[in-house]
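Reading the structure
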Amino acid sequence: MADQSAHPAKDPLARIAAPAITSADATPVRQRRAGAAARILSGPLPWLLPALGVLGLFYLYPIFEAVRLAFTDARLFDTETQLSMRSISSMVGSSTLGVILRNTLTYTVASVVGQIALGLAIALLVMRAERARLRGTLALRTIVLAAWVIPAIANGIIWQLLFSEAPFGAINSALRLMGVAPVAWLSDPSNAMTSAVIATIWQGTAYSMILLYAALKTIDPALYEAAAIDNARPWERFWFITLPHLRAALVVNAILILIMTLNMFDTILALTGGGPGRATEILSLYAYGTVFQNFELGRGAALSMLLLVISLGLTVVLIALLPRDRR
Amino acid sequence: MGQVELKSIHKSFGPTAVLDDINLKIADKEFVVVVGPSGCGKSTLLRVVAGLEEASSGALLFDGRAVNALSPGERNVAMVFQNYALYPHLSVATNIGFGLRRAAMSRREKREAVERTARLLEIEPLLKRRPGALSGGQRQRVAMGRAIIRNPAVFLFDEPLSNLDARLRMQMRSEIRGLHSKLPTTTLYVTHDQVEAMTMADRVVVMNAGRIEQIGTPSQIYDTPRTTFVARFMGMPSMNMISARYDGDALVLPDARVPVPADWPERLGPWVGRALLLGLRPEHLSLRASPGGVPATVDLTEPTGSETLVYLHHGDTRLAARTPPDTRLRRGDQVHLDLRLDRATLFDPDTALALPTLPADPSKTGETV
């Protein structure tokens, strides 16, 4: 053996270990490695890591956990769980799910459309007032924003007081003063959804107003002046100038409001608790009830997954509507 | 017809008066340029005529008919904006044809009108593009096309060339002028650029601090400024202003006595012994070969190729002289100047107004307000 190692040329292993060759090869490797590390360190990654860490811990990990739970028969207080498709199949087979999805659809569409339309209307009004150099536009914006600052659960309670059918219910009292018969805002199943939508729109409008107001601010006022000289009617100005400019802002607004509304939970919980019956029970509330009232953790996770899939699907559809240069 | 008349127009934003007693009559097919420093109210004046701003008081007449109450769209004016204000989401063709939406024309007639306009402005190949895909000069043409196609009674231009580079500005200047001779239409053109005012206008309106300083043809404005403001504002370098006194037979300058033309003693009678401002364009100062005239010290020379501008001082007075291109002078050189007093304008330093008695030649008298 000693002989063999003395003849490096005959022993391939020894040749690899030969000092001259090693140093000649390793230096560039080390340099290359150091170069790659420097490249990573000088790139955006180190700066993104803290955010990635927080997002991963508080967003990605729970999603991952929810996906895992959806494929188990977990119950809230049972430690024994096993993999199973039962949660998903019972969710899909449930007759309640149809009602819940229909409620969710009605609630979401009405709320999103209402928040965008009302937000746009107020934003246009503020712009118009500013152009006419009216006073009080800042106060108006602040008041509208105040609604948004209120926590959703408080919003639900406030509207419950307003809609209340007891003698102190503000809206019914006002109606009574005007000689109109009081309305069963929350106890009548056919009115409850409308009431829930009103409470949601009232709170969410501020957000969409601010977003659209900011977008309106970026429109060159000279365009409206050019249109005025071209004798364009108000609707033409809106159609040819305002709306095309707002397209990106409207789509982004719609995506954000859609997600917020689909996940809306606290306002309805405080306002109606999903009732009467299941009249205002939407998917998020249903998932909450499934987990925390029926303790069916697996099924609740499956419902959450369904909510996630619906949100993602609708977001993709909306992104397709974005102007090409903003995608 | 497109006769425009402004009768004592006032405009104020809150307590700030922006336009103060503006009187101006623009004849049909006339090209009038309003020029002045920024903030002088010239753009506001244009916007009042367009109807984008309402005059606080005064009457605005188109062909003798008051239009104060009409909306911009009803006034039959077309406007080219400083930043062009093209509709960014519409094609060039739609932008140009926008003003024809409600015209009593068939779709085909409208298309032909757009094509005719595009041909006139040489932008036919761009018709399908969006404004975002055009260069500054092309956008400028589209903006003009949008104005021309409606065949308005009055064209309004709000500093239309200020976003273009120098070469393109020069080219567009002559194109706008050429367009005006092809389609003679009353034009009110606002600019801060005195070269545009001098080269394009039939008549120039010089504004300062919300008031009209002088109205006149470019040569009237240049040769016989009515106020020291006009004298200083128009012309590059601006008019030399020399403190002087008339002692009965010569002008007494800080460091020289200059004999006056033969007809001055008669006219300057009341001004004997009083302080005056002698206004002289740089081209009316010339270098003397021999001593005499007005002594001055050279501060700086600027050879431009076709001429050499010499900046000097005489006592405390800074002067500029336009001299032949082969002038060779250095800082500190002592020179002697000849003043062409026959081309001078004299101002009263107290009122900043040109002396009413000068000049004598009625053809050179500026039309004043």
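Quantities reported herein were computed from a predicted structural model and do not represent experimental measurements. The numbers attached to residues start from 1 for each chain and follow its sequence in the written order. To label them, take the chains in the order written and letter them from A, then take the ligands in the order written and number them from 1. Where totals are concerned, whole chains, interfaces and linings use all residues; where local detail is concerned, this predicted model gives features only for residues with pLDDT of at least 70, and gives and counts side-chain atom pairs only at 80 or more. Hydrogen atoms and water are omitted, and side-chain values are computed over all heavy atoms in the structure.

1. Considerations on the confidence of the model for chain B
- When pLDDT is averaged across chain B, the result is 88; 96% of the residues are at 70 or more.
- Within a predicted model, pLDDT stands for the predictor's per-residue confidence, ranging from 0 to 100. Each helix is a run of H or I in the DSSP string that is no shorter than four residues. Each strand is a run of E no shorter than two, and both are numbered from the N terminus. Confidence scores differ between elements of chain B, with helix α9 (residues 264-267) of chain B showing the lowest mean pLDDT of 80 and strand β3 (residues 31-35) of chain B the highest of 95.

2. Quick word on the interface of chain B and chain A
- Taken together, the contacts link 24 residues of chain B with 18 residues of chain A.
- At the boundary of chain B with chain A, total buried surface from both sides reaches about 1800 Å², with 57% on carbon and sulfur atoms.
- Considering only the side of chain B, the residues that lose the most area to chain A are Y87(B), H89(B) and R102(B), jointly responsible for 29% of the buried surface there.
- A side-chain nitrogen of Lys or Arg and a carboxyl oxygen of Asp or Glu constitute a salt bridge if their distance falls within 4 Å. Applying the counting rule to chain B against chain A returns four salt bridges.
- The salt bridge involving D230(A) is made with R150(B); its shortest N-O contact spans 3.1 Å.
- N or O atoms closer than or at 3.5 Å make up a polar contact, with two conditions inside protein: a donor-capable atom paired with an acceptor-capable one, and, for residues adjacent in sequence, both atoms drawn from side chains. Here chain B is connected to chain A by 13 residue pairs in polar contact (both at pLDDT 80 or more).
- Residue assignment for the side of chain B that touches chain A shows that the elements contributing at least two residues are α1 (42-50) and β6 (77-80) of chain B.
- Here the element with the most residues in the side of chain B that touches chain A is β6(B); it accounts for three residues.
- Polar here means any residue outside two lists: the nonpolar Ala, Val, Leu, Ile, Met, Phe, Trp, Tyr, Cys and Pro, and the charged Asp, Glu, Lys and Arg; Gly therefore counts as polar. When grouped by side-chain class, the residues that make up the side of chain B that touches chain A number 14 nonpolar, four polar and six charged. We call two residues in contact when some of their heavy atoms are within 4.5 Å. In short, buried area is how much 1.4 Å probe accessible area vanishes from two parts on joining, totalled over both.

3. Remarks on the nonpolar core
- One finds L6(B), L156(B) and M207(B) to be the most contacted residues of the largest nonpolar core, which totals 88 residues.
- In terms of residues, this core owes the most to one element, helix α12 (residues 234-262) of chain A, which gives 11 residues.
- Here L6(B) is in contact with I22(B), N23(B), L24(B), L45(B), V49(B), A59(B) and L60(B), once residues within four sequence places are set aside.
- Only buried Ala, Val, Leu, Ile, Met, Phe, Trp, Tyr and Cys residues count toward a nonpolar core, and they belong to the same one when joined by side-chain atoms within 4.5 Å. Residue burial is assigned from relative accessible area. The probe radius is 1.4 Å, only protein chains are included, and a residue is buried under 20% of its type maximum, exposed over 50%, and partly exposed in between. Counting 42 residues, the second-largest nonpolar core is a separate cluster that includes L86(B), A113(B), Y189(B) and V230(B).

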